[in-house]
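Below are the chains, spelled out letter by letter.
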Amino acid sequence: MYTLYAMFVSQRRGLGTVRLLLSLLLLAAWEAGSGQVYYSVSEEAKHGTFVGRIAQDLGLELAELVPRLFRVASKGRGDLLEVNLQNGILFVNSRIDREELCGRSTECSIHLEVIVDRPLQVFHVEVEVKDINDNPPVFPLREQKLLISESKQPDSKFPLEGASDADIGENAQLTYRLSQNEYFSLELPTNNKQSKRLSLTLKKSLDREETPELNLLLTAADKGKPELTGTIQLLVHVLDINDNDPEFEQSEYKLRLMENTAKESLVIKLNATDRDEGVNGEVTYSLMSIKPNGKPLFTLNENNGEVRVNGTLDYEENKFYEIEVQATDKGNPPMAGHCTLWVEILDANDNAPEVTVTSLSLPVREDTQPSTVIALISVSDRDSGANGQVICSLTPQVPFKIISTFKNYYSLVLDSVLDRESVANYKLVVTARDGGSPSLSATASVSVDVADVNDNAPTFAQPEYTVFVKENTPPGCHIFTVSARDALVDVNVYLIVAICAVSSLFVLTLLLYTALRCSAPPSEGACGPGKPRLVCSSAVGSLSYSQQRRQRVCSGEGPPKADLMAFSPCLPPGLDREVGEERQDAESNHPGQVSSIDSPLF
């Protein structure tokens, strides 16, 4: 609003073109509060024409355009505009034809969707395509023949086919001029009339004997700069005899039809009468023209005047038809009367919404924060009114939601925390439903895989274990196995090394204690033979082999302890014999004393 005011003040105070151009530049770069940037460009602009500094206007640094995968998407119009990633400038890439893009619509723009990653962001850019006067007025025919009786009275009117201009605004506003003649003037349509048709008005009576034919030139000119023109030749044949035209009951008929009305459906039955008698009063009917496209969507029975549907009426293609009907008698020469049918097409809910899912960020890590954008969704419906209003919804009871970011644009975002161990994949269904009756809908499926992160500590089967270890257990023997489970994978955690280390300390302490206690002569019966049977395991915790070994452990006083156990190491046969020989030597040198444990300490 400030920019528009600046333009107005500049023009009123006559401050020159510099300030006006500055205001126009500010207007082109104006950014809406909703995150949308507006630009404008003229149609037929040359390749490379500057449109706007899109990176700067979106608040993006030039250095981050490539790393963040800066890209521009435009549905069906992706090659018209491009962005230079070196300087962040939006420029014209290929020919832009406003009439090809938007037809005769008063508003025409190219919607761009700018997407960057890390983090994923989406911006909306509207580029208005301005019209230039590049289309001249065009008449439907190069020449038009008019049959006019010499009996016609002055001020009689004869309809003409007007010209059309594919441009809009002043570029499409037409003026007409008729070549100089003494018989006819040109009546132009006024703004308060629905009909925009032209007509010739007879200024004075015709005399076939004096002037049997007239050749007139009708010129149409638009108000563009420079002015463009088009012409049509009017061939007037002055007729003698049969001095009454057929007349319709009304000069105009206003009708309404639903789109997709069945073929052969009756639209209206016309009736024209002629005051002449005999063959001069017999009337036949014919279609002069059907606007806007001239397609044979209607038929007219030449004998009874019935107008019927002959094709598919599509509201989305054309909402209004103007049909010119002519009634001609069988006189010689024939006379003709005219009427106009104004047919309005009413919309039916015959187009289901369309759903498009783009820019998926998959898989999704289970530690992803809520409100993170997962995908972009766009919907569209070719119908109008409530039939074209689309509401988007998502599969219920999932940790995702969809939020509206712009008209018919949505983002799929994370709504709550994820837990891969609970659910590893989500099958999401996006449903788009219009407001018609009955309502039409469309769906799109999105499969979201949840990527695992190490967020679960291993857990034991029970919080506490009680283990009994026999005394004199040598290092390296299997004592106990515990296992832990992790939500990611099952693992067996073996604590053999730690337990055996503790066992080694225990055995060293036990040997020192035994050596001190057995230095005195043992009391009789203090030591007795024992035959413990030991089962050893290998280094990986599986059963190896069993052997019987006699151990003698004395405390120096009292009977042998029954609650003291020692585990011998698992030794191969050769090493076992060497240990046995060393024990025999020790017993012969020190009879009656306590022998050490047969196994070497580890």
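Residues numbered from 1 in each chain as written. Predicted model: local features only at pLDDT ≥ 70, side-chain atom pairs only at ≥ 80, totals over all residues. Heavy atoms only, no water.

- The name given to the protein in an unreviewed UniProt entry is Protocadherin alpha-11, with Camelus bactrianus as the source organism.

### Comments concerning the packing of aromatic side chains
Both the distance between ring centres and the angle between the ring planes are used here to describe each pair of aromatic rings.
Alright, step 1. Here the structure, examined in full by the defined rule, presents 7 aromatic pairs.
Alright, step 2. Between F158 and F184, the ring centres sit 6.2 Å apart and the planes meet at 75°, which makes this aromatic pair edge-to-face. Here the residue F158 occupies a position in strand β9 (residues 157-160), and F184 occupies one in strand β11 (residues 184-187), the gap between them amounting to 26 residues.
Alright, step 3. Under the relative-accessibility criterion, F184 is labelled buried at 2%.
Alright, step 4. On the numbers, 5.7 Å between centres and 75° between planes, the contact of F298 with Y321 is edge-to-face. Of the two residues, F298 is situated in strand β20 (residues 298-300) and Y321 in strand β22 (residues 320-329); the sequence distance between them amounts to 23 residues.
Alright, step 5. The class for F298 is buried, based on a relative accessible area of 3%.
Alright, step 6. Exposure remark for Y321: the relative accessible area of 1% places this residue in the buried category.
Alright, step 7. A cation over a ring is seen here: K319 above Y315, with NZ or CZ 5.0 Å from the ring centre. (Phe/Tyr/Trp six-rings, centres within 6.5 Å; stacked < 30°, edge-to-face > 60°. Helix = DSSP H or I, 4+ residues; strand = E, 2+ residues; numbered from the N terminus. Buried < 20%, exposed > 50% of the residue type's maximum accessible area, 1.4 Å probe, protein only. Lys NZ or Arg CZ within 6 Å of the ring centre and 35° of its normal.)

### Focus: the pattern of salt bridges
Alright, step 1. Under the defined criterion, the tally for this structure stands at 16 salt bridges.
Alright, step 2. Between D117 and R71 there is a salt bridge; the shortest N-O distance is 3.3 Å. Of this pair, D117 sits in the loop between β6 (109-116) and β7 (121-130) while R71 sits in strand β3 (residues 71-73), and the two are 46 residues apart along the sequence.
Alright, step 3. In this structure D117 comes out as buried when scored by relative accessible area, which is 17%.
Alright, step 4. Assessed through its relative accessible area of 31%, R71 is described here as partly exposed.
Alright, step 5. Three or more residues joined by partner-sharing salt bridges are found here, namely E44, R95 and D97. (Salt bridge = Lys/Arg side-chain N within 4 Å of Asp/Glu carboxyl O.)

### Digging into the state of the cysteines
Alright, step 1. One pass over the structure, following the stated rule, counts 1 disulfide.
Alright, step 2. Sulfur-sulfur distance for the disulfide between C102 and C108 comes to 2.0 Å. Disulfide C102-C108: the torsion about the S-S bond is 70°, which places it as right-handed.
Alright, step 3. Among the residues examined, C102 registers a relative accessible area of 19% and is labelled buried.
Alright, step 4. Looking at C108, the relative accessible area reads 4%, which means it is buried. (Disulfide = S-S within 2.5 Å.)

### Considerations on the confidence of the model for the protein
Where the model shows low pLDDT, its predicted coordinates should not be examined in detail.
Alright, step 1. Looking at the protein, the pLDDT average stands at 79 and 77% of residues meet or exceed 70.
Alright, step 2. Low pLDDT, under 50, characterises residues 489-495; the stretch is placed with 12 contacts to residues that sit more than four places away or in other chains.
Alright, step 3. Every residue in residues 524-573 scores below 50 in pLDDT, and together they form 110 contacts with partners more than four places removed in sequence or on other chains. (pLDDT = per-residue confidence, 0-100. Contact = heavy atoms within 4.5 Å.)

### With respect to the sheet that holds strand β13 (residues 213-222)
Alright, step 1. The 4 strands are arranged β8-β14-β13-β10 in an open sheet whose pairing can be described as mixed. Two strands lie at the open edges of the sheet, namely β8 (143-149) and β10 (174-178), each paired on one side alone. In this sheet, neighbouring strand axes are inclined to one another by 25° on average, regardless of whether the strands run parallel or antiparallel.
Alright, step 2. Looking at chain direction, β10 and β13 are connected through 5 bridges and run antiparallel. Bridge pairing in β13 links T175 to A221. (Pairing = 2+ DSSP bridges. Axes fitted to C-alpha atoms, helices over the stretch in contact; angles between N-to-C directions.)

### Side note on the nonpolar core
Alright, step 1. Core analysis: the largest hydrophobic core is formed by 27 residues, its most contacted members being I54, L81, L90 and V127.
Alright, step 2. Of all the elements in the fold, those that place two or more residues in this core are β1 (36-42), α3 (54-57), β4 (81-84), β5 (89-92), β6 and β7.
Alright, step 3. L270, A272, Y321 and V343 belong to the second largest nonpolar core, which has 26 residues in total. (Core = buried A, V, L, I, M, F, W, Y, C linked by side-chain atoms within 4.5 Å.)

### Re the side chain of D274
Alright, step 1. Following the sequence through the fold, D274 ends up in the loop between β18 (272-273) and β19 (283-291).
Alright, step 2. Buried and unpaired, D274 has no salt bridge, with R275 as the nearest side chain of opposite charge at 6.5 Å.
Alright, step 3. Here D276 takes part through its backbone nitrogen, which lies 2.8 Å from a polar atom of the side chain of D274.
Alright, step 4. In this structure, D274 is in contact with N244, D245, P246, N280, G281, V283 and D329, ignoring residues within four places of it in sequence. (Lys, Arg positive; Asp, Glu negative; His and termini not counted. Polar contact = N/O pair within 3.5 Å; in protein donor to acceptor, adjacent residues only side chain to side chain.)

### Some words on unusual backbone geometry
Alright, step 1. Between R118 and P119 the backbone carries a cis peptide bond, its omega angle lying at 0°.
Alright, step 2. Within the element layout of this structure, P119 appears in the loop between β6 and β7.
Alright, step 3. Positive phi values are uncommon outside glycine, yet E264 reaches one of about 75°.
Alright, step 4. Here E264 is to be found in the loop between β16 (252-258) and β17 (266-269).

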